[in-house]
Amino acid sequence: MRTFYNIPSHWIWTQHENISKINPKNDISNLNSSDKVSFLPMALVEEETGKYSLEEARELQQVKKGYTAFSNGDILFAKITPTMENGKVAIMKNLVNCIGYGSTEFHVSRLHETIEKMYIFYYFVQPFFRQTAKKFMTGSAGQLRVPTDYFKNVEIPLPPLLEQKAIVAKIEQLFSELDNGVANLKTAKAKLKIYRQAVLKKAFEERSFKYIRIGDVAKIISGEAFKKSEYSTKGVRLFQIANVSFNKILWGKVAYLPEKYLLNSKYKKLILEENDLVMALNRPMLNNQLKIGILRKKDTPSILYQRVGKFVTSNYINKKYLLYYLQSPDFTKWLSDELQGVNIPFINQSKLLAYDKFPNINIEEQNQIVQEIESRLSVCDKIEETIETSLVKSEALRQSILKKAFEGKLLSEQELENIKNHPEYENAEALLKRIKNERDK
């Protein structure tokens, strides 16, 4: 950690256990076995925000053995993968009878009363701290944990107490401003989604349409379930359900089959080409949006995998016209009502092809509607791209604020001067010495 942070000369590095009791026991001498105490599972702690939900209280006798003990003011730090990497850190407040118990996958830090708890919270929750802790995890795959010794001995940059408090106040001021900006960006993004739906709705209404079944102009070819033993480290990409999103093709997850599969006549109908229209058949919708997209040249060739379908259309259908119609509010509302399966909703292909409200117009009119839609949605795309860039920058700014905070660069010279001139000012060395003396008594 020292190599990452260049702290001011009036700060000191100290091991965590010098300012805190690690994984302490609860004092339950004043409680009866039947008294209620708070209970906190890992699932009820949010990632990175420090928020948690105390929904449950249990009798002391049910939890005093076999669970992690903590009290009001303690910091909980998730120690197991992936919750540690995800930033499940929280300061306990409002516990029933002032104490609680919870997941065994928490480390507990009971800081000395002269240490600002939020200062340590922000230090623990920052990505760099978690990335560093990950390097020291031990155990088997899927069960990796931050060892107690590491949590005890990890070094923390310690400023004077008054400076800790001022740093926390400045972090929260800047984060509040940043959060307001992020909220505005997300609101704008949500409005863009509403506008997109309005564009699609208007495109397919108020016209003298004749309606036909989708199956009159298209059919669906489903992918095949290839065995893992058939996979290769390179070759032709498998087009899986994870590769189709909302009007997008994504390649975050890639699997390959040998190139020879492209020459096998058995799989000819599964080979995807540029401008092919594909749709998720399992879990096809999220938030009323359909997982569907058109392949670009760079997405091909690829081979269709199970749970994804390819539309094969007649020559009288513009695939983008079909694409936009399938994303329109009227159709997605109908489809969401027709999905089958509870745990894994799926599309009944026969019902989809039998849908008889598809607007039948000539190819010239289809092209015109597509042009009208895209002229409007292209503006949305540019705005959304700007929003996404701003959101990424806001997260980078958040981490920059924390880095500056723990290098002593967040406060102005005047603010630091005011702190040093405060009558209750105590330098970091004196603070650490006082903590040691009080603990040695």
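Owing to the predicted nature of the structure, the values given are computational and were not obtained by experimental measurement. Here, residues in each chain are numbered from 1, in the same order as that chain's written sequence. It should be noted that, the model being predicted, local features are given only for residues of pLDDT at least 70 and side-chain atom pairs only at 80 or more, the latter also being counted only at that level, while totals for whole chains, interfaces and linings use all residues. Calculated side-chain values reflect all of the structure's heavy atoms, with hydrogen atoms and water omitted.

K.L.:
Teacher, can you tell me more about the overall build of the chain here?
P.N.:
Helix and strand labels come from DSSP, where a helix needs a run of H or I of at least four residues and a strand needs a run of E of at least two; each type is numbered from the N terminus. Per the secondary structure count, the chain includes twelve helices and 22 strands. Here the radius of gyration uses the C-alpha set of atoms, whereas the globule reference equals 2.2 Å times the residue count to the power 0.38. Taken over C-alpha atoms, the radius of gyration comes to 29 Å for the chain, far larger than the 22 Å a tight globule of 441 residues would show. For the chain, the spread of C-alpha atoms along the three principal axes comes to 90 × 50 × 45 Å. For the chain, the residues scored as buried account for 44% of the 441 residues in total. Of the contacts made within the chain by residues no fewer than 6 positions apart, 80% connect residues no fewer than 24 positions apart. In the form shown here, the chain has an accessible surface area of approximately 23,500 Å², with 49% of it arising from carbon and sulfur atoms. For the chain, the distance from the average position of its 66 positive side-chain charges to the average position of its 52 negative side-chain charges is 5 Å. The buried label goes to any residue with under 20% of its type's maximum accessible area, the exposed label to any with over 50%, and the partly exposed label to all in between, with areas taken from a 1.4 Å probe on protein chains only. In what follows, a contact means two residues having at least one pair of non-hydrogen atoms within 4.5 Å. Each accessible area value is a Shrake-Rupley result obtained with a 1.4 Å probe; residue values ignore everything except the protein chains displayed when judging cover. Charge convention: Lys and Arg are scored as positive, Asp and Glu as negative, and His as well as the terminal groups of each chain are ignored. In plain terms, the charge of a residue is placed at NZ if it is Lys, CZ if Arg, CG if Asp and CD if Glu.

K.L.:
I keep staring at the pattern of salt bridges and nothing clicks. Help me out?
P.N.:
Within this document, salt bridges are pairs made up of a side-chain nitrogen of Lys or Arg and a carboxyl oxygen of Asp or Glu, the two lying within 4 Å of each other. Taken as a whole, this structure holds 24 salt bridges when the rule is applied. In this structure, the salt-bridge partner of Glu 388 is Lys 189, at a minimum N-O distance of 2.3 Å. Of this pair, Glu 388 sits in helix H10 (residues 363-405) while Lys 189 sits in helix H6 (residues 161-203), and the two are 199 residues apart along the sequence. Look at Lys 189 and you get partly exposed, because its relative accessible area is 30%. In this structure, Lys 320 engages Glu 374 in a salt bridge whose closest nitrogen and oxygen atoms are separated by 3.1 Å.

K.L.:
Explanation requested: unusual backbone geometry in the structure shown.
P.N.:
Glycine aside, a negative phi is what most residues show, and trans is what most peptide bonds show. A cis amide bond links Thr 81 with the next residue in sequence, Pro 82, at an omega value of 0°. As for its position among the elements, Pro 82 is in the loop between strand S6 (75-78) and helix H2 (83-86). Not every positive phi belongs to a glycine, and Asn 23 is a case in point at roughly 50°. Tracing the backbone shows Asn 23 in the loop between strand S2 (20-22) and strand S3 (36-40). On the basis of relative accessibility, which here comes to 30%, the residue Asn 23 falls in the partly exposed class.

K.L.:
Mind showing me how you'd approach the pairing of strand S21 (residues 308-313) here?
P.N.:
For a regular strand, the rule is simple: side chains alternate between the two faces of the sheet. Counting buried residues along S21, five of its six residues qualify, which places the element largely inside the surrounding structure. Should DSSP find at least two bridges between two strands, the strands are regarded as paired. For strand S12 (residues 218-222) and S21, the ladder comprises five bridges, and the chain directions are antiparallel. Note that in S21 the partner of Ser 222 across the bridge is Gly 309. Bridge analysis of strand S16 (residues 277-280) against S21 gives four bridges, and the strand direction is antiparallel. Residue pairing in the sheet places Met 279 in a bridge with Gly 309 of S21.

K.L.:
Any chance you could explain the sheet that holds strand S20 (residues 302-304) here in plain terms?
P.N.:
Adjacent strands of a sheet form backbone hydrogen bonds with each other and so pair up, either parallel or antiparallel. Read across the open sheet, the four strands follow the order S14-S13-S20-S15; overall the sheet is mixed. Each edge of the open sheet is held by one strand with a lone partner, namely strand S14 (256-257) and strand S15 (271-272). Relative to S20, S15 is paired through two bridges, and the arrangement is antiparallel. Paired with Ile 271 across the strands is Ile 303, a residue of S20.

K.L.:
I would appreciate a short explanation of the environment of Asn 32 in the present structure.
P.N.:
Assignment of secondary structure puts Asn 32 in the loop between S2 and S3. For Asn 32, a relative accessible area of 51% puts it in the exposed group. Residues Asn 32 and Leu 60 lie 28 residues apart in sequence; the distance between their C-alpha atoms is 7.5 Å.

K.L.:
Please clarify how a positive patch on the surface should be interpreted in this entry.
P.N.:
Residues form patches when they are more than 30% accessible in relative terms and have no salt bridge. Like charges link within 9 Å. Nonpolar side chains (Val, Leu, Ile, Met, Phe, Trp, Tyr) link within 5 Å. Taken together, the side chains of Lys 228, Lys 253, Arg 283 and Arg 307 present a region of like positive charge at the surface. You can see Lys 253 is positioned in the loop between strand S13 (236-239) and S14. For Lys 253, a relative accessible area of 51% gives the class exposed.

K.L.:
Can you help me understand helix H12 (residues 428-440) in this one?
P.N.:
Residues separated by three or four positions in an α-helix point in the same direction, a consequence of the helix having 3.6 residues per turn. In a regular helix each residue adds 1.5 Å, so 13 residues correspond to 18 Å; H12 covers 18 Å between its end C-alpha atoms and thus fits that length. Within H12 the residues assigned to the buried category are Ala 428, Leu 431, Leu 432 and Ile 435. The buried residues of H12 occupy an angular sector of 95° when projected down its axis, which confines them to one face. Away from its buried face by more than 90 degrees, H12 exposes Glu 429, Lys 433 and Asp 440. Take the residue count of a helix, subtract one, and multiply by 1.5 Å to get its expected span. What the arc covers is the set of directions going from the helix axis to the C-beta atoms.

K.L.:
I tried to follow the packing of aromatic side chains on my own but got confused; where do I start?
P.N.:
Here a ring pair, both rings aromatic, is described through the centre-centre distance and the interplanar angle of the planes. Working definition: a ring pair exists when centres of Phe, Tyr or Trp rings (six-membered ring for Trp) sit within 6.5 Å. Plane angles under 30 degrees give stacked, over 60 give edge-to-face, the rest tilted. Per the stated rule, a full pass over the model turns up 26 aromatic pairs. Each ring, one from Phe 77 and one from Phe 151, has its centre 5.3 Å from the other, and the planes form 25°; the classification is stacked. Pair noted here: Phe 77 is in strand S6 and Phe 151 is in helix H5 (residues 148-153), with a separation of 74 residues, a long-range link. The class for Phe 77 is buried, based on a relative accessible area of 1%. Put simply, the rings of Phe 77, Tyr 119, Tyr 123, Phe 124, Phe 129, Phe 151 and Phe 406 pair up and form one aromatic cluster.

K.L.:
Explain the packing of helix H7 (residues 319-326) against H10 to me, please; I cannot follow it from the model alone.
P.N.:
Describing two packed helices takes the angle between their axes plus the distance from one axis to the other. For helices, the fitted axis covers only the stretch in contact; all axes are lines through C-alpha atoms, and the angles between them, taken along N-to-C directions, range from 0 to 180 degrees. Two elements in contact, H7 and H10, have axes whose closest approach is 9 Å; the angle formed by their N-to-C orientations is 60°. Our classification of the angle between H7 and H10 gives oblique. In the crossing of H7 with H10, the sense of the turn from one axis to the other is left-handed. Between H7 and H10, the residues in contact are Lys 320, Tyr 321 and Tyr 324 and Gln 366, Ile 369, Val 370, Ile 373, Glu 374 and Leu 377, respectively. The classification used treats Ala, Val, Leu, Ile, Met, Phe, Trp, Tyr, Cys and Pro as nonpolar, Asp, Glu, Lys and Arg as charged, and all other residues, Gly among them, as polar. Among the residues making up the contact of H7 with H10, the classes are represented as six nonpolar, one polar and two charged. Geometric relationships in this document are graded by angle, where less than 35 degrees denotes roughly parallel, more than 145 denotes roughly antiparallel, 65 to 115 denotes roughly perpendicular, and other angles denote oblique. In this scheme the crossing of two helices becomes right-handed for a clockwise turn of the near helix relative to the far one and left-handed for an anticlockwise turn of less than a right angle.

K.L.:
So what exactly am I meant to see when it comes to the side chain of His 112 here?
P.N.:
Along the polypeptide, His 112 turns up in the loop between strand S9 (106-111) and helix H3 (117-125). Classification of His 112 as buried rests on a relative accessible area of 13%. Any pair of nitrogen or oxygen atoms within 3.5 Å is treated as a polar contact; in protein, a donor-acceptor pairing is required on top of that, and neighbouring residues in sequence qualify only through side-chain atoms on both sides. A polar contact of 2.8 Å, which involves the side chain of His 112, links it to the side chain of Glu 438.

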